[in-house]
Amino acid sequence: MAGNDIHEGMDPELAALLGTAAPDTKLPDFNDIFGNKENNDSQTGGSGSEVDLGSTGFPQITKRLEENSHNFFNDPNYYKNALSNEGDIAQRVHTILQKYLTAKDPKDRSVFRQQFIAPYWEFLFNVARKATGTLPPHKKFLLRFGLLHPNFLKTETREFFSKVVVENELDQPVLYMDEWLNGIGTSKMRASSTDEVRISKANSQSKLIQLLEKAQGKLDGTRTIVKQKDSERNEIERFIRNKIQVIYERTPMRELPDISDCLCESQKMASVEIQNLLKDLLKNDNELAVSVRDYISAETDVQILKDKIEAEGGALTVDIGALDSECNTLRQMAKMTCGRQGNHFPILTGEYFHCGPNDVATRENVLTMLARIESIDAEAFCRVYKNKLNRIAPYVLLIPTYGDTGFCWEPFDRYNRATSRGRIIVPMYPKNLYMAVLYAVADLRWQVAKEKSSFYWMEEGLTGHYYQWYQSQKLKGDIKEYFINDYIMWMTKEAEGIQKLDKDVRGTFWRYMPFTREIKEKLKTRNLIYQELYQRDINRTMSDGY
């Protein structure tokens with residue numbers, strides 16, 4: 001294959017680039033706090049950034065907590081180390097926090113509580129800039145859990161958090177805030193698109209990473225198509241072998257026992273079907289050849305970009321601009337999980353922490369909730385690309401807030417619609433973790449369907465049918481909120497055979513957000529309504545499209 005053939009169809013940008021507590025907790029004096037001592041704690045563990053299109057589900061959680069707890073939360077210098085080396089903003093945080101804790105008048109406490117929020121986030125931004133390297137434990141847990149002072153928590157609560165699994169041993173895309181910021185700052189992950197970061201000339205690798213992600217998406221997509229075509233070929237060949245076997249079956253003639261009988265009707269039909277199958281095989285072979293060429297081209301683009309990145313220094317540099325922008329985005333996310341009337345206090349204290357062990361959004365608990373959702377909604381994390389259904393689990397950011405609702409931040413990367421992960425946010429300290437995760441998945445479901453339908457989202461598919469029902473009912477308000485509430489009803493009530501949804505909504509959800517086969521089989525025996533929906537599935541399958 002000529003070199004020009006390989007580079008034909010290369011991304012134009014790439015071509016241009018290459019040129020061919022407790023309230024009475026005592027705080028220490030500020031002057032005794034700040035030293036230069038830093039403990040090193042390497043940021044290890046996977047980030048789940050690689051998308052495995054062959055995955056069929058989330059891993060089974062066998063270890064929710066460590067057997068033995070660490071001792072970081074028993075360190076008397078934890079608070080001192082958490083604030084150290086962060087400059088004047090740390091002093092301001094300390095001063096306001098002291099006033100808040102020592103205030104006797106509830107009105108004064110409320111004022112200081114409100115005054116604390118903005119400086120604390122500014123302080124957190126300073127800490128976040130260090131998240132791209134090795135973070136000492138107290139700063140890691142500050143970002144991860146919002147844990148500024150262990151004495152703000154009861155002994156049993158401290159014990160629980162000291163047993164939470166630290167590393168991403170399962171290499172899943174469920175990330176704590178320190179891990180998220182590490183990925184953004186080192187360009188392993190793209191910054192959230194809401195506050196788009198301008199690519200600085202000093203960090204040209206960010207642009208290369210963006211192009212690499214786009215090229216990688218094309219490579220993953222073409223690889224999926226090649227596998228699909230190969231699977232189709234194997235299926236066609238299997239059919240041909242079966243049909244030939246039918247033709248090979250011989251029975252002797254009654255009149256001439258030493259002579260095989262003529263072809264029977266089924267054998268004649270099999271010979272005709274073989275001719276059609278051979279045509280399908282040739283068509284498949286041509287499509288496979290094209291797909292392989294596309295794959296080689298995409299693989300070449302990816303390798304060129306990797307070589308370019310390696311030539312410019314190999315290791316990714318820290319993008320402070322991306323980090324600062326992402327921190328502002330995270331603050332918006334934190335507000336949204338709590339809502340306007342929610343509790344926006346940014347640190348973890350026993351005063352506001354009321355979760356049981358299974359309702360804290362640890363990585364392991366959230367993975368369990370996601371697996372539970374997928375066991376009901378079979379295609380919750382699937383997207384269609386070139387008529388192929390791919391399972392792509394989203395990134396899940398665990399943000400340390402007292403919110404009750406998760407949400408979808410991005411349905412997928414606009415530069416890689418084929419294989420990129422969506423992004424959802426889950427508050428770590430909700431009243432009900434399953435409902436918080438379910439709300440986020442519902443939002444993801446809506447946004448993916450809407451973006452895929454593009455300009456026709458009010459006419460086609462899941463969003464189109466739902467919008468037409470919404471219009472027919474003359475409803476007012478945010479249509480997405482109606483959808484999310486109906487989705488939660490679908491997952492919690494209808495999946496159990498309890499009819500709560502409008503008939504048209506139930507029909508739309510049954511078709512476009514199908515339950516797993518096991519649930520469908522169970523529901524069809526419960527009621528004629530579900531039996532009718534089940535029969536529609538059979539009719540659509542028999543008519544090869546509906």
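The residue numbers shown here count from 1 along each chain, following its written sequence. The model is predicted, so local features are restricted to residues of pLDDT at least 70 and side-chain atom pairs to those at 80 or more, both for listing and for counting; the totals for chains, interfaces and linings are taken over all residues. Heavy atoms from the whole structure form the basis of all side-chain values; hydrogens and water molecules are not counted.

1. Brief notes about the packing of helix α16 (residues 503–512) against helix α18 (residues 528–542)
Two packed helices can be described by the angle between their axes and the distance between those axes.
For step 1, the next point in the chain: Between α16 and α18, whose axes approach to 11 Å, the crossing angle comes to 45°. In terms of orientation, α16 lies oblique with respect to α18. Our pair here, α16 against α18, has a crossing hand that is right-handed. Side by side, α16 and α18 meet where Arg506, Gly507, Trp510 and Arg511 of the first sit next to Ile529, Tyr530, Leu533, Tyr534, Asp537 and Arg540 of the second.
For step 2, the next point in the chain: Residues of the contact of α16 with α18, tallied by class, amount to five nonpolar, one polar and four charged. As a rule, the C-alpha atoms of each element are fitted with a line to give its axis, helices using only the stretch in contact, and angles between N-to-C directions run from 0 to 180 degrees. Counting from the N terminus, the helices are the DSSP runs of H or I reaching at least four residues and the strands are the DSSP runs of E reaching at least two. For classification purposes, angles smaller than 35 degrees are called roughly parallel, those larger than 145 roughly antiparallel, those between 65 and 115 roughly perpendicular, and all remaining angles oblique. Two helices cross in a left-handed way if the nearer one is turned anticlockwise from the farther one by less than a right angle. They cross in a right-handed way if the turn is clockwise. Contacts are assigned to residue pairs with any non-hydrogen atoms lying within 4.5 Å of each other. Ten residue types, Ala, Val, Leu, Ile, Met, Phe, Trp, Tyr, Cys and Pro, are classed as nonpolar, four, Asp, Glu, Lys and Arg, as charged, and the remainder, Gly among them, as polar.

2. What to know about helix α13 (residues 433–453)
For step 1, the next point in the chain: Expected span of a helix: the number of residues minus one, times 1.5 Å. Counted at 1.5 Å a residue, the expected span for α13 with its 21 residues is 30 Å, and the 31 Å between its end C-alpha atoms agrees.
For step 2, the next point in the chain: Phi turns positive one or two residues past the end of α13, at Ser454, with a value near 55°.

3. Thoughts on α18
For step 1, the next point in the chain: End to end, α18 covers 21 Å across 15 residues, agreeing with the expected 21 Å (1.5 Å per residue, within 8%).
For step 2, the next point in the chain: Burial classification: accessible surface area is computed with a 1.4 Å probe over protein chains only, and a residue below 20% of its type maximum counts as buried, one above 50% as exposed, and the rest as partly exposed. Taken together, the buried positions of α18 are Tyr530, Leu533, Tyr534, Asp537 and Arg540. Seen from one end, α18 has its buried residues packed into an arc of 115°, which puts them on one side. Set apart from the buried face of α18 by more than 90 degrees, the exposed residues are Leu528 and Met542.
For step 3, the next point in the chain: Check the buried side of α18 and you find it contacts α16 and α17 (517–523).
For step 4, the next point in the chain: Under the rule applied, a polar contact is a pair of N or O atoms within 3.5 Å (in protein, one hydrogen donor and one hydrogen acceptor; residues adjacent in sequence only if both atoms are side-chain atoms). Of the residues flanking the start of α18, the one acting as N-cap is Asn527, its side-chain oxygen 2.7 Å from the backbone nitrogen of Ile529. The arc refers to the directions leading from the helix axis to the C-beta atoms.

4. A few points about unusual backbone geometry
For step 1, the next point in the chain: Phi is positive for Ser454, close to 55°, though the residue is something other than glycine.
For step 2, the next point in the chain: Even without being glycine, Lys474 reaches a positive phi, approximately 55°.
For step 3, the next point in the chain: One can find Lys474 in the loop between α14 (461–472) and α15 (479–492).
For step 4, the next point in the chain: You can call Lys474 exposed: its relative accessible area is 69%.

5. Overview of the sheet that holds strand β4 (residues 395–399)
For step 1, the next point in the chain: At least two bridges found by DSSP between two strands are what make those strands a pair. If you walk across this open sheet you meet the four strands as β1-β4-β6-β5, and the pairing is mixed. The open sheet has two edge strands, β1 (174–176) and β5 (407–410), and neither has a second partner. Going across the sheet, the axis of each strand differs from the next one's by a mean of 30°, ignoring polarity.
For step 2, the next point in the chain: In this structure, β1 lies alongside β4, joined through three bridges in parallel fashion. Directly across from Leu175, in β4, lies its bridge partner Leu397.
For step 3, the next point in the chain: Against the sheet, α13 touches β5 and β6 (423–427), its axis set at about 40° to β5.

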